[in-house]
Amino acid sequence: MLLENKVVIVTGGSRGIGRAIALACAREGAHVAINYWGENDASYHKRSAVETVLDEIGALGRRAIAVEGDVSQPATATELVAKTVDAFGRVDVLASNAGICPFHAFLDMPPKVFETTVAVNLGGAFYVTQAAANQMKAQGDGGAIVATSSISALVGGGMQTHYTPTKAGVHSLMQSCAIALGPYKIRCNSVMPGTIATDLNADDLSSPEKKSYFERRIPLGRLGRPDDVADVVVFLASDLARYVTGAALLVDGGLFVNLQ
Ligand SMILES: NC(=O)C1=CN([C@@H]2O[C@H](COP(=O)(O)OP(=O)(O)OC[C@H]3O[C@@H](n4cnc5c(N)ncnc54)[C@H](OP(=O)(O)O)[C@@H]3O)[C@@H](O)[C@H]2O)C=CC1
Ligand SMILES: C[C@H](O)[C@@H]1OC(=O)[C@H](O)[C@@H]1O
């Protein structure tokens, strides 16, 4: 198993890509702490979604805890790491994944939408990376941090002018942290998912025309699934990637390179 007895933290682990990362890590032998928030989201049953993930990890024979908190708040990161250490004794891997993408036009975007998106996506990645790295440094035997950036770090979106800069920022954060944390043997990488079918883009892809437009643009012929991304996160977190740091891996079915 690639992550046998490792301790993994996943932010935004209640659903979508984060849930798939949590389950994929557990399948590879890890114990998992998931963070989630969903304060203003009435579209699904937050607590039962979280409990289902915990049950699924338990059914795989691994231990799991859930820690609620808004990643945009620095205190969430320190509490998440502290509770993980209380439960499992250490932290080996961080998957910094929580994110939001409230689609909005540029010219009339309220400052609050911009500020919240930056605070959650970039601020959240910064604070949790810092808290986990301090714990890994104290442990003294390295670690792996994998952030969920996006194809949107490299290309734009007219309804995502607040979002794409945060994903470029997450990519850049991992590059700089690879340098800052290399001396402690902490590797820092990012995955860049393309279009993965989750709650994040369910409304945007609800039009059959837009969905089939994307499917036509993707050389592998289908939208991504959360487990497509999760398996790459496992690879980057594992010793198979022991000499990989500061890297970003597109997981997009070829969407980025498809000019014509
Ligand atoms: N779907 C896609 O096509 C792509 C997604 N991404 C990135 O992948 C990541 C996961 O997205 P995806 O799985 O699609 O989205 P989902 O909406 O399915 O899941 C988002 C997750 O983030 C959590 N979350 C949201 N806000 C906060 C917050 N303030 N504090 C803590 N947790 C929070 C949610 O918690 P809760 O359940 O409690 O709401 C949920 O677990 C994001 O960073 C996104 O930018 C990147 C490229 C493509
Ligand atoms: C939410 C979008 O569909 C999704 O988010 C990303 O980061 C991708 O680039 C897609 O635009």
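Looking up the protein in an unreviewed UniProt entry gives the name L-rhamnose 1-dehydrogenase (NAD(P)(+)), with the organism given as Pararobbsia silviterrae. You can read under Pathway (unreviewed entry) in the UniProt record for the protein the words "Carbohydrate degradation; L-rhamnose degradation." The UniProt entry for the protein carries the following text under Sequence similarities (unreviewed entry): "Belongs to the short-chain dehydrogenases/reductases (SDR) family."

Below, the discussion takes up the overall build of the protein. Along the protein, the regular secondary structure elements total seven helices and seven strands. In terms of overall dimensions, the protein is globule-like: its C-alpha atoms have a radius of gyration of 17 Å, near the 18 Å expected for 260 residues. Along the first, second and third principal axes, the C-alpha atoms of the protein reach 50 × 40 × 35 Å. When the 260 residues of the protein are sorted by exposure, 47% land in the buried category. Carbon and sulfur atoms form 56% of the exposed surface of the protein, whose accessible area is close to 12200 Å². Each charge class in the protein was averaged separately, 22 positive and 25 negative side chains, and the resulting centres sit 5 Å apart.

Core analysis: the largest hydrophobic core is formed by 34 residues, its most contacted members being V10, I21, C25, V32, I34 and V191. Those elements giving two or more residues to this core turn out to be β1 (7–10), α1 (16–27), β2 (31–36), α2 (46–59), β4 (93–96), β5 (143–148) and α7 (226–237). Looking at this core, the element that brings in the most residues is α1, giving eight residues. Core analysis: the next-biggest nonpolar cluster, separate from the first, contains 26 residues, I9, A33, L80 and C177 among them.

Let's shift gears to a nonpolar patch on the surface. A surface patch of nonpolar side chains, amounting to about 350 Å² of accessible area, comprises L154, V155, F256 and V257. Judged by relative accessible area, V155 falls into the partly exposed class, the value being 38%.

In this section: the site of ligand 2. By nearness alone, every residue bordering ligand 2 is listed as C101, F103, S150, I151, S152, Q160, Y163, G194, L200 and N201. In this structure, S152 approaches ligand 2 through a side-chain N or O atom, which is 2.4 Å from an oxygen atom. One of the side-chain nitrogen or oxygen atoms of N201 is found 3.3 Å away from an oxygen atom of ligand 2. Protein burial of ligand 2: of its 300 Å² of free accessible surface, 90% is covered by the chains. By residue class, the composition of the shell around ligand 2 is five nonpolar, five polar and no charged.

This paragraph deals with the packing of helix α3 (residues 74–88) against helix α4 (residues 111–139). Put simply, α3 and α4 touch, their axes get as near as 8 Å, and they point 35° apart. Considering the relative orientation of α3 and α4, their crossing is right-handed. For the pair α3 and α4, the contacting residues are P74, A77, T78, L80, V81 and V85 in the first and Y127, V128, A131, A132 and Q135 in the second. Class assignment of the residues belonging to the contact of α3 with α4 gives a composition of nine nonpolar, two polar and no charged.

This paragraph deals with unusual backbone geometry. Unusually for a residue other than glycine, N5 sits at a positive phi of about 60°. By the secondary structure assignment, N5 is in the segment before β1. For K185, which is not glycine, the phi torsion reads 65° and is therefore positive. Tracing the backbone through its elements, the reader meets K185 in the loop between α5 (164–181) and β6 (186–193). Residue classification places K185 among the exposed residues on the basis of a relative accessible area of 63%.

Rules used throughout
Residues numbered from 1 in each chain as written. Chains lettered and ligands numbered in written order. Predicted model: local features only at pLDDT ≥ 70, side-chain atom pairs only at ≥ 80, totals over all residues. Heavy atoms only, no water. UniProt positions renumbered as here; feature names shortened; annotations may be inferred. Helix = DSSP H or I, 4+ residues; strand = E, 2+ residues; numbered from the N terminus. Rg over C-alpha atoms; globule rule 2.2 N^0.38 Å. Buried < 20%, exposed > 50% of the residue type's maximum accessible area, 1.4 Å probe, protein only. Areas by Shrake-Rupley, 256 points an atom, 1.4 Å probe, with all protein chains shown as cover. Lys, Arg positive; Asp, Glu negative; His and termini not counted. Charge placed at Lys NZ, Arg CZ, Asp CG, Glu CD. Core = buried A, V, L, I, M, F, W, Y, C linked by side-chain atoms within 4.5 Å. Patch = residues over 30% accessible without salt bridge, like charges linked within 9 Å, V, L, I, M, F, W, Y side chains within 5 Å. Salt bridge = Lys/Arg side-chain N within 4 Å of Asp/Glu carboxyl O. Near = heavy atom within 4 Å. Polar contact = N/O pair within 3.5 Å; in protein donor to acceptor, adjacent residues only side chain to side chain. Nonpolar A, V, L, I, M, F, W, Y, C, P; charged D, E, K, R; others polar. Axes fitted to C-alpha atoms, helices over the stretch in contact; angles between N-to-C directions. Left-handed = near helix turned anticlockwise from the far one by under 90°. Contact = heavy atoms within 4.5 Å.

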